[in-house]
Amino acid sequence: LHSGSVSARSWRERSAAMGKKAAEKKEEPKPKVAEAVDEGPLDEETAKDLAQYDLLPRITPFLDRHFVINMLNDARICGIYKAEDVTRAVLDVCYETLLPHDDVLGWVEEMYTNISEPVPAKWEEHKETLLESFQESEDKVMPLLKILEEEKKVEKIQGFKSRAEMCDEFEIGPDVVEELPRYAKKLFDAGKYDVSLKLLKYYMNMPQAGTAFFVIQHLGSGELEGERFASEEDADKAYKRYEGELRAEQGKQEKGAADASKAVLLTDNDFGERSFFGRNRDRILDMRVWWEKEQARKQAVDEAGDRQLIWGSLAAAILWGSSDACDEAVTETAKMIVKMDEHLENSKAPKREVLLHRTWLLHWTLFAIFRLDNTEAKVLDFFLSEKSLSIISLSCPHLFRYVGACLILHKRLKHIVKDTVWIIHHEAVSYSDPITRFLLALYTEMDYDEAQGELQRCEQVCKADYFLKPHWQEFQENARLHIFESYCRIHQCINIQMIAEKLNMEAEEAELWIVKLIQNAKLDARIDSEKSRVVMTKAPPNVYQQVIEKTKNLAFRSTMLVSNLEKS
């Protein structure tokens, strides 16, 4: 954010000014769509063959509409679906999602021209309705936006102890603060992902609404009355009012009167026993039970609100990184994925609901791994963790395609290939495709001819897959490396012609590839040109790796031993 007056600017100028200067380069941006690599549509026969491997219908139910727009546009380019059907789907999603810009009708007209239909009148009305709603929200939140443009005031926000204190200091109402995330959502729908993310971060860093306070009044008739207040100030006023009534009543009554009105101010963490409540102990405890139920309900509402904020921030970070290739977006995406994982870990929501949210999170993580420029290690660790693999097995086995792709694309994951392929093998009944079958043929069956055949089928699968399309060349190179390394582990002398066939390469090309591989990977091997073979030198076993292999299941075996002893 930058400082300066914003009252005279239009909403487009204001939102652009709050973003990076790069956003000012585009005067009237069109709705965000995928910038897919156009490799030409597939022929009808190939498209029909690939339809059996298409995961779009399985993945899109777990995605935000903005992600779906990108994937639908890619599907239209790819040719697996009819272009007319995809165009209709894109228009339906855009109508419900994107805030129109001035030139959106031209874009819509072009889309309808492609399917030979006139533009429905509803688009013009819909545009005016959304713009009016946006303007109302912007006008309401403008006092807070001006505050957020000043660095000193932003730094001061973190020092406030309560939301009420912050509102009093800046002379704004609580409703203005609560409007900020709704305004950020409208910016998100308009494609201003970076600005939306910034506003959500500001909101999450603001002090939350203070702990509710509870005033208990002991009436003169011997009855108890409870009243809850959202702020300490309101509760304190009520307490003072009851205290004034107490003093007035005591002044009227004679000495020893026991039915005088009494009041006490309690927080939700301060239900200590009061001496004058002794006679009404049971009724106070009943009131406390009610209060705890109220607090539990409030915590559930707050937890759901926090979860929505994290989801919104994660979506904005992913789409920002996809459109601008920004390192900050990659970092924010990884941070939000970890934050959502921690939130769900500590959530008190029903297990079924947590399972659903974790399934959504795993699908969104695909964008962080395959569609952003860089992939942080903690994102891969989360996606391939034991808990995530359990979720995949339970609710979304189609994600094993991307588990296998990660094992092939990321060399640093070699240490978990064996165990992960074992899981894929046991889940082969639930899901199977050329990528998973390639790993099984290579590491379970040790069938190199089958692995070569599956690798050839992987090419078309990757090129038609939204997430794997940009990675085919790297995928092919690393898959060949997996074949070569696996073959080298069980052979000391390897015929170059034979390995060339396994790698689907010419002999000369294979020899050059192996030479570069030996040089780059520093393998202990040599090329025997006379006999046209590769001679491998077996390295002595690594002591440390042997210790790790022997002890990695020690905790599990100890647990089982204790369990068996207890049963006996």
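Residues numbered from 1 in each chain as written. Predicted model: local features only at pLDDT ≥ 70, side-chain atom pairs only at ≥ 80, totals over all residues. Heavy atoms only, no water.

A. Region of the structure containing the overall build of the chain. Across its full length, the chain carries 26 helices and six strands. Burial analysis of the chain (568 residues in total) assigns 45% to the buried set. For the chain, long-range pairs separated by at least 24 residues make up 66% of all intrachain contacts whose partners lie at least 6 apart in sequence. Here the chain displays about 30700 Å² of accessible surface, and carbon together with sulfur accounts for 49% of that area. (Helix = DSSP H or I, 4+ residues; strand = E, 2+ residues; numbered from the N terminus. Buried < 20%, exposed > 50% of the residue type's maximum accessible area, 1.4 Å probe, protein only. Contact = heavy atoms within 4.5 Å. Areas by Shrake-Rupley, 256 points an atom, 1.4 Å probe, with all protein chains shown as cover.)

B. Examining a nonpolar patch on the surface more closely. Together, V543, Y544 and V547 make up a nonpolar patch on the protein surface, roughly 360 Å² of accessible area in all. Inspection of the secondary structure puts V543 in helix α25 (residues 543–551). Residue classification places V543 among the exposed residues on the basis of a relative accessible area of 57%. (Patch = residues over 30% accessible without salt bridge, like charges linked within 9 Å, V, L, I, M, F, W, Y side chains within 5 Å. Salt bridge = Lys/Arg side-chain N within 4 Å of Asp/Glu carboxyl O.)

C. Layout of the pattern of salt bridges. Scanning the model with the defined rule gives 24 salt bridges in all. Its salt-bridge partner being D74, residue K469 comes within 3.0 Å of it at the nearest N-O pair. One end of the pair, K469, is in the loop between α21 (448–464) and α22 (472–490); the other, D74, is in helix α4 (residues 65–78), and 395 residues separate them in sequence. Taking relative accessible area as the criterion, K469 reaches 8% and is therefore assigned buried. According to the relative accessible area criterion, D74 is buried, its value standing at 4%. Between R412 and D381 there is a salt bridge, and its shortest N-O distance comes to 3.2 Å. Remark: D381 occurs in helix α16 (residues 377–383) and R412 occurs in the loop between α18 (400–409) and α19 (414–426); sequence separation between them is 31 residues.

D. Structural context of the side chain of T365. Within the element layout of this structure, T365 appears in helix α15 (residues 351–370). At a separation of 2.6 Å, a polar atom in the side chain of T365 contacts the main-chain carbonyl oxygen of L361. In this structure T365 touches I337, V379, F382 and F383, once residues within four positions along its chain are discounted. (Polar contact = N/O pair within 3.5 Å; in protein donor to acceptor, adjacent residues only side chain to side chain.)

E. Representation of the state of the cysteines. Applying the stated criterion across every chain, the model contains zero disulfides. Lacking any disulfide linkage, C462 is separated from the closest cysteine sulfur, that of C458, by 5.8 Å. A relative accessible area of 1% places C462 in the buried class. (Disulfide = S-S within 2.5 Å.)

F. Structural detail: the confidence of the model for the chain. Per-residue confidence for the chain gives a mean pLDDT of 77; residues scoring 70 or more make up 72%. Here helix α1 (residues 11–18) stands out as the least confident element of the chain, with mean pLDDT 43; α18 is the most confident, with 96. Across residues 254–260, where pLDDT falls below 50, the model places nine contacts with residues more than four positions away in sequence or in other chains. Per-residue pLDDT stays below 50 along residues 271–277; that stretch engages in 17 contacts with residues further than four places along the chain or on separate chains. (pLDDT = per-residue confidence, 0-100.)

G. Fine view of the nonpolar core. Grouped together as the largest cluster of nonpolar side chains are 137 residues, with contacts concentrated most on F370, F383, Y402, F438 and F475. Excluding residues within four positions of it along the chain, F475 makes contact with A405, I408, L409, I435, L455, C458 and C462. Counting residues in each nonpolar core, the second largest holds six residues, with Y53, C78, I80 and V461 among its members. (Core = buried A, V, L, I, M, F, W, Y, C linked by side-chain atoms within 4.5 Å.)

H. Molecular detail of the packing of aromatic side chains. Counted under the stated rule, the structure contains 16 aromatic pairs. Judged by centre distance (4.7 Å) and plane angle (65°), the ring pair of W311 and W364 falls under edge-to-face. Residue W311 is located in helix α13 (residues 281–324), and its partner W364 is located in helix α15; the two are separated by 53 residues in the primary sequence. Ring centres of F367 and F467 lie 4.9 Å apart, and the angle between their planes is 80°; on these two criteria the pair is classed as edge-to-face. With a gap of 100 residues between them, F367 in helix α15 and F467 in the loop between α21 and α22 connect regions that are remote in the sequence. The buried category is assigned to F467, whose relative accessible area is 0%. Among the aromatic side chains, those forming a connected cluster through ring pairs are F62, F67, W311, W360, W364, F367, F370, Y402, Y466 and F467. Over the ring of Y466 we find R371, and its NZ or CZ is 4.0 Å from the ring centre. (Phe/Tyr/Trp six-rings, centres within 6.5 Å; stacked < 30°, edge-to-face > 60°. Lys NZ or Arg CZ within 6 Å of the ring centre and 35° of its normal.)

I. Layout of unusual backbone geometry. The residue E171 is not glycine, and still its phi comes out positive at about 60°. As for its position among the elements, E171 is in the loop between α9 (163–170) and α10 (174–189). On the basis of relative accessibility, which here comes to 72%, the residue E171 falls in the exposed class. Phi at M446 takes a positive value of approximately 55°, unusual for a residue other than glycine. Among the secondary structure elements, M446 is positioned in the loop between α20 (434–443) and α21.

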